[in-house]
Every structure is written in structure tokens, then in C-alpha cells.
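Summary of the model geometry
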Amino acid sequence: MEEIVLAPGIGAKLKILADAAKYDVACTSSGVDRKGKKGYLGNSAACGICHSFSADGRCISLLKILLSNHCVYDCKYCVNRAANDVPRATFTPEEICELTTEFYKRNYIEGLFLSSAVIKNPNYTMEKMCETLLMLRYTYKFNGYIHVKTIPGADDSLISACGFLADRISVNMELPTRESLKSLAPNKTFETILTPMEKISNTIAGNRLMLGKSAKMERAGGNRYLPGNIFTGEGSKKKSLAGKGRLLLSDACQFSDKIATLVKKEDGVGDFAPAGQSTQMIIGATGETDLTLIKTTQELYTNYDLKRVFYSAYVPVNEDPLLPGKDFRTPLLREHRLYQADFLLRFYGFNADELLSEEKPMFDDRIDPKCDWAIRHIADFPVEVQTAPYDMLLRVPGLGPKSAMRIVNARRYGTLSFDILKKIGVVLKRAHYFITCNGKLMYNIPIDADYITGQLTAINSKENWQIQQQNNYTQMTFADFGIG
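Since the model is a prediction, treat every value here as computed from it, not as a measurement.

Assigned secondary structure in the chain consists of 17 helices and ten strands. The buried share of the chain, reckoned over its 484 residues, is 56%. Long-range contacts, defined as pairs at least 24 residues apart, comprise 72% of the intrachain contacts of the chain with a sequence gap of at least 6. Of the roughly 20,800 Å² that the chain leaves accessible, carbon and sulfur atoms contribute 52%.

Moving on, we come to unusual backbone geometry. With omega at 0 degrees, the peptide bond leading from Phe 381 into Pro 382 counts as cis. Its location among the elements puts Pro 382 in the loop between helix H12 (369–376) and strand E9 (383–384). Despite not being glycine, Asn 438 has its phi angle at roughly 55 degrees, a positive value. Assignment of secondary structure puts Asn 438 in the loop between strand E10 (435–436) and helix H17 (449–468). Classification of Asn 438 as partly exposed rests on a relative accessible area of 44%.

Here we take up the sheet that holds strand E8 (residues 308–313). Taken in spatial order, the six strands line up as E3-E4-E5-E6-E7-E8 in an open sheet, and their pairing is parallel. The sheet is open, and its two borders are formed by strand E3 (63–66) and E8, each paired with just one other strand. With strand direction ignored, the average angle separating the axes of adjacent strands in the sheet is 20 degrees. Relative to strand E6 (residues 168–170), strand E5 (residues 145–149) is paired through three bridges, and the arrangement is parallel. Its bridge partner being in E6, Lys 149 is matched across the sheet by Ser 170.

Attention shifts here to the environment of Leu 356. Mapped onto the fold, Leu 356 is located in the loop between helix H11 (352–355) and H12. Between the alpha carbons of Leu 356 and Leu 291 there is a distance of 5.8 Å; along the sequence they are 65 residues apart. Once you skip the residues sitting within four places of it in the chain, Leu 356 turns out to touch Asp 290, Leu 291, Ile 294, Pro 361, Met 362 and Phe 363.

Attention shifts here to the packing of helix H2 (residues 93–105) against helix H3 (residues 122–139). Relative orientation of the contacting elements H2 and H3 amounts to 45 degrees, with a least axis distance of 9 Å. On the basis of the axis angle, H2 is oblique to H3. Considering the relative orientation of H2 and H3, their crossing is right-handed. Here Pro 93, Glu 94, Ile 96, Cys 97, Thr 100 and Thr 101 of H2 come into contact with H3, specifically with Lys 128, Glu 131, Thr 132, Met 135 and Leu 136. Residue composition of the contact of H2 with H3, by class: five nonpolar, three polar and three charged.

Along H17, the sharpest kink reaches roughly 40 degrees, centred on Asn 460. As for H17, its buried residues are in contact with helix H10 (332–347), H12 and helix H16 (428–431). One side-chain oxygen of the residue at the start of H17 lies 3.2 Å from the amide nitrogen of Asp 450, identifying that residue as Asp 448.

Let's shift gears to H10. Taking 1.5 Å per residue, 16 residues should reach 22 Å; H10 reaches 23 Å between its end C-alpha atoms and fits that length. The complete set of buried residues in H10 reads Leu 333, Arg 334, Glu 335, Arg 337, Leu 338, Tyr 339, Ala 341, Asp 342, Leu 344, Leu 345 and Arg 346. Residue Gly 349 follows H10 closely and has a positive phi angle near 80 degrees.

Summary statistics for the chain give a mean pLDDT of 82 and a share of 79% for residues scoring 70 or more. Segment residues 220–228 is flagged for pLDDT under 50; beyond a separation of four residues in sequence, or across chains, it makes 32 contacts in the model. Counting interchain partners and residues more than four positions distant, the pLDDT-below-50 stretch residues 472–484 has 32 contacts.

What follows deals with the pattern of salt bridges. The full count for this structure, using the stated rule, is 19 salt bridges. Across the salt bridge formed by Asp 372 and Lys 360, the nearest N and O atoms sit 2.8 Å from each other. Residue Asp 372 is found in helix H12, and its partner Lys 360 is found in the loop between H11 and H12; the two are separated by twelve residues along the sequence. Under the relative-accessibility criterion, Asp 372 is labelled buried at 6%.

With that settled, the discussion passes to the packing of aromatic side chains. Scanning the model with the defined rule gives nine aromatic pairs in all. Ring geometry for Phe 343 versus Phe 347: centroids 5.5 Å apart, planes at 50 degrees, classification tilted. Placement of both Phe 343 and Phe 347 in helix H10 is noted, with a separation of four residues, approximately one turn of the helix. With a relative accessible area of 34%, Phe 347 lands in the partly exposed category. Aromatic ring contacts, followed pair by pair, group Phe 350, Trp 373, Phe 381, Tyr 433 and Phe 434 into a single cluster.

Moving on, we get to the nonpolar core. Within the largest apolar cluster, 123 residues are counted, with the highest numbers of intra-cluster contacts made by Ile 65, Tyr 77, Ile 294, Ile 407, Leu 421, Phe 434 and Ile 435. Per-element accounting of this core gives the leading share, seven residues, to H3. Setting aside anything within four residues of it in sequence, one finds Ile 294 in contact with Leu 338, Ala 341, Leu 345, Ala 352, Leu 355, Leu 356 and Phe 363.

Our next topic: the environment of Ile 151. Structurally, the position occupied by Ile 151 is in the loop between E5 and helix H4 (156–165). For Ile 151 and Pro 196, which are 45 residues apart along the polypeptide, the C-alpha to C-alpha distance reads 9.6 Å. In this view, Ile 151 contacts Ser 116, Val 118, Pro 122, Thr 125, Met 126 and Met 129; residues no more than four positions away in its chain are not counted.

Further remarks concern the pairing of E3. Both faces of E3 are covered, namely the face carrying Leu 63 and Ile 65 and the face carrying Lys 64 and Leu 66. Pairing geometry for E3 and strand E4 (residues 111–115), over four bridges, is parallel. Pairing of Ile 65 across the sheet is with Leu 114, part of E4. Traced from E3 through H2 to E4, the parallel crossover comes out right-handed.

A few words now on the pairing of E5. Successive side chains on a regular strand alternate, one facing one side of the sheet and the next facing the other. Judged by how many residues are buried, E5 sits mostly within the fold: five of five residues are covered. Side-chain alternation along E5 places Tyr 145, His 147 and Lys 149 on one buried face and Ile 146 and Val 148 on a second face that is also buried. Where E4 and E5 come together, four bridges link them in parallel fashion. Paired with Phe 113 across the two strands is His 147, which belongs to E5. Since E5 and E6 lie parallel, the crossover through H4 that links them has a hand, and here it is right-handed.

So, how was this worked out
Residues numbered from 1 in each chain as written. Predicted model: local features only at pLDDT ≥ 70, side-chain atom pairs only at ≥ 80, totals over all residues. Heavy atoms only, no water. Helix = DSSP H or I, 4+ residues; strand = E, 2+ residues; numbered from the N terminus. Buried < 20%, exposed > 50% of the residue type's maximum accessible area, 1.4 Å probe, protein only. Contact = heavy atoms within 4.5 Å. Areas by Shrake-Rupley, 256 points an atom, 1.4 Å probe, with all protein chains shown as cover. Pairing = 2+ DSSP bridges. Axes fitted to C-alpha atoms, helices over the stretch in contact; angles between N-to-C directions. Parallel < 35°, antiparallel > 145°, perpendicular 65-115°, else oblique. Left-handed = near helix turned anticlockwise from the far one by under 90°. Nonpolar A, V, L, I, M, F, W, Y, C, P; charged D, E, K, R; others polar. Bend = angle between axes of the 7 residues up to and from the residue. Polar contact = N/O pair within 3.5 Å; in protein donor to acceptor, adjacent residues only side chain to side chain. Expected span 1.5 Å × (residues − 1). pLDDT = per-residue confidence, 0-100. Salt bridge = Lys/Arg side-chain N within 4 Å of Asp/Glu carboxyl O. Phe/Tyr/Trp six-rings, centres within 6.5 Å; stacked < 30°, edge-to-face > 60°. Core = buried A, V, L, I, M, F, W, Y, C linked by side-chain atoms within 4.5 Å. Right-handed = clockwise from strand over helix to strand, strands pointing away.

Here it is in C-alpha cells:
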């Protein structure tokens, strides 16, 4: 493998700023298909991105770095908080462009994930990030995938410029409630997070409509408004923070006239954040229940049409009276259950209040949320696969959207059997407790909640153990690529 020779000092910066970026988990498949273009470097594939590695060995999809870890904010949970005595570094725009293109040419990465601590103030930081992206796109002709984290409180013109230069744009939620944000991140407010989030959402929708596409990037399955807006206390059909505010190309051009040239409508260039926007929430730093977290998630999907909400298990890097103790570890299994519930909200038609309640505000560690829901509604089962509607099939453990649709299509032409169900992708080790084929169960078993819970707990035990033991594994580091 070809070794990268870095200029003096850049290797040290890379080690610091790649390590500082590892706590941001919002890294995923691009969601953007963009073909290579003559005179430009790179392309972007929606199906996924090849892997690179952060300094501590975590496998990542992009070159994931911070512009800087010099921060004027003092968020109590953050390793880069102003009060911490840690090694500090700042990249120049040219250094980031060189790193990105050199890594890309060697097929280590397919794109860039760029975030930053707050240097001086939000506008100064965002201007440096826009300068970097503009140089990468315009001077280095980089046509690959870029995901950028915006800085809450920055001017609309700078956020707009980022949206026209990047594929995905994010505003990190950090914490799920107004009270927890005020307690642990005194320099941030819900308004500085949700106002740009809504403007970005409206701009993406408007841009998609102009291109003849659906306004919605990704609609959550069974998307229903909650009785009240958990962010504002008002009815959730009323967006109260930013009205119908949007970010405009004219705003972006206030930052640089080059953007007007760059975002001409040709070959897809000019889309505003075509891969949508995402956010991240830290779990375990404060005492919110899983119910509060998934209600916040549902509200974000419903009102801001986010592409993804990411969850980051709290890592104790600081000591503070308002934080959990140094020995505290948020179970990875809790993070895993939230991701499973997130999929149920987006693709399976579930509502947050169906999955959890005030009486049961936390997910069961032993079994996944869908199995848990089915057991709590055991009176609705078993369902007959020959006649059950698609929406009900989606709620059967072991059936996903594809296998449920295959059942609906296959039963038009004949009688289904358990062998056929297995061939079309049904996970029978979970599903057979909850379905019948032509009125018959797969095995002669009792439809009893306690019995099924015991059986499913045994099935899930291996997977649960593997998740809990994830920290015992090591991965490759930059040293494996000859980068010290």
C-alpha cells in the first residue's frame, strides 16, 4: 500500500483532530449518486462509501476530522471544552484540501466529514469551513461526497453557502431537552439549533420541488404529529421558531461570488444538501428516559424531515458535578435499542407512544423493541399471512418492509407455506411465534407472553453479548497506512 508523506506538522495535527472527531457518530452512506466529471476529482455513490480509520482505530466511512479543536465554548460533556487542558490544533483550508485529495487518490476514502469546535465565534468558524469547502470544490475540483457540521448561531449566509457546497449538512442537537442543554451546554440554546434546522429543511424541500422531486427527503413510516410540540409546548402543526424561513442562493453569494459560478444547474451540481440533513443526540449524559429520546426523535423526523438521527452513547471524558461519574458507561445495548426503535419510527409505521409509555419508559435490554411491542400486544397475534394487511405484517417480528411486500405479492398467486416464507426472507426464528399459515402455527406452542419472552430472550442473548463486548475489539489505525 502506497505510503502518504505528510508535510511537517500536518501529521501531528491529523492525529489530534481525527481523534477529537471520533465522538461524532453521524457518519453513514452518502445517499447521493453523482457521476465523475471531466476535470474534477472523484464521484459519490449512494450505496455506501469505502472506509478509513480514525487515530484510535475506529472504522469510519470518510476522512472524519475537525477544522479545529480550539473552542471558546465550555460544554461540560465535550473533550474540547475551553476549560480542558488538551493538545490543540487547527488546520488551514489548504491542509484539509491536500489531505482529502491525497487520501482520495489512494482510495482510502470517498469523501470528507468536516466539523469544528467554535474558534473565536460561530461566524468566524463557519467562514473558515466555507472557505475550505469552496477551495475543495472550486480549486481542487473535488466532486466527492462532503458532509459538514454547521455551527449553531452562525449567519444564514454562511449556512446557505455550506448547503450549496456540501452533500449533507447537520446541526447537532446534542441533548434531547431544553433543560439538559441549558445545564450542560450553557453557550447553546434550542433556538440556535432548531431555527437553522428548520430553515435547512425548508430549503431542501424547496430545492427538491424546483428539480421536480418530492419535497420530502425521507418521510418517517406512520409519520404522525404528537399532541404537542415537545420543543415549544405548542401544537406541533405550528412551526413557531422560524416560520417559513429559507436559506437562499443570494445568501450564499454574500459569502463569495464563486459560489454563484459553482452552483449552476448542471450535472446535479447546485442542489442544496441533496443527501439531506442529520443530527446527533448524546444519550446517558443526563437522566432522560428512552421515551423522551424517541419522542424527540419522532418530533425531529415529523417537523424537520431529517434524513437520520444518530445516537452517541455518552463517554466520560470530563469530570463535573453535573455529569455522571468517571466510571460510568452508557451501555452500548441501550444505544442499539434506540437505533432499532428509530427504524421502527421511520420504516414500520410505529409511533413513539406505542413503543414506550410513562409506565414503561425504558426499552427492555433482553429483546428488541419490536418483539417487546408484539409480546405486550399478544392478544393481536397470531396473524394469518394469507389475509393480514401489509401494515399488520410490518408489525410482526422477523418481517421487514421487503419481506412483507413479498408476502402480499406472493399470496395473490397461491397458498403460502413456512418453507416459502423462509425463501422470501422471513426470519422464522422470531416470526413463527406470531404468524399462522392457513390457520396453522409452525410448531405446536402456546401463544403465551411469558413463554415467548423466554424463547426470544434466549435467541437474542448471543447478539446482546456481542454488542456489550464491542469495546474489546481493535481496528486498524493510521499507522497501518504509514501515517504516524
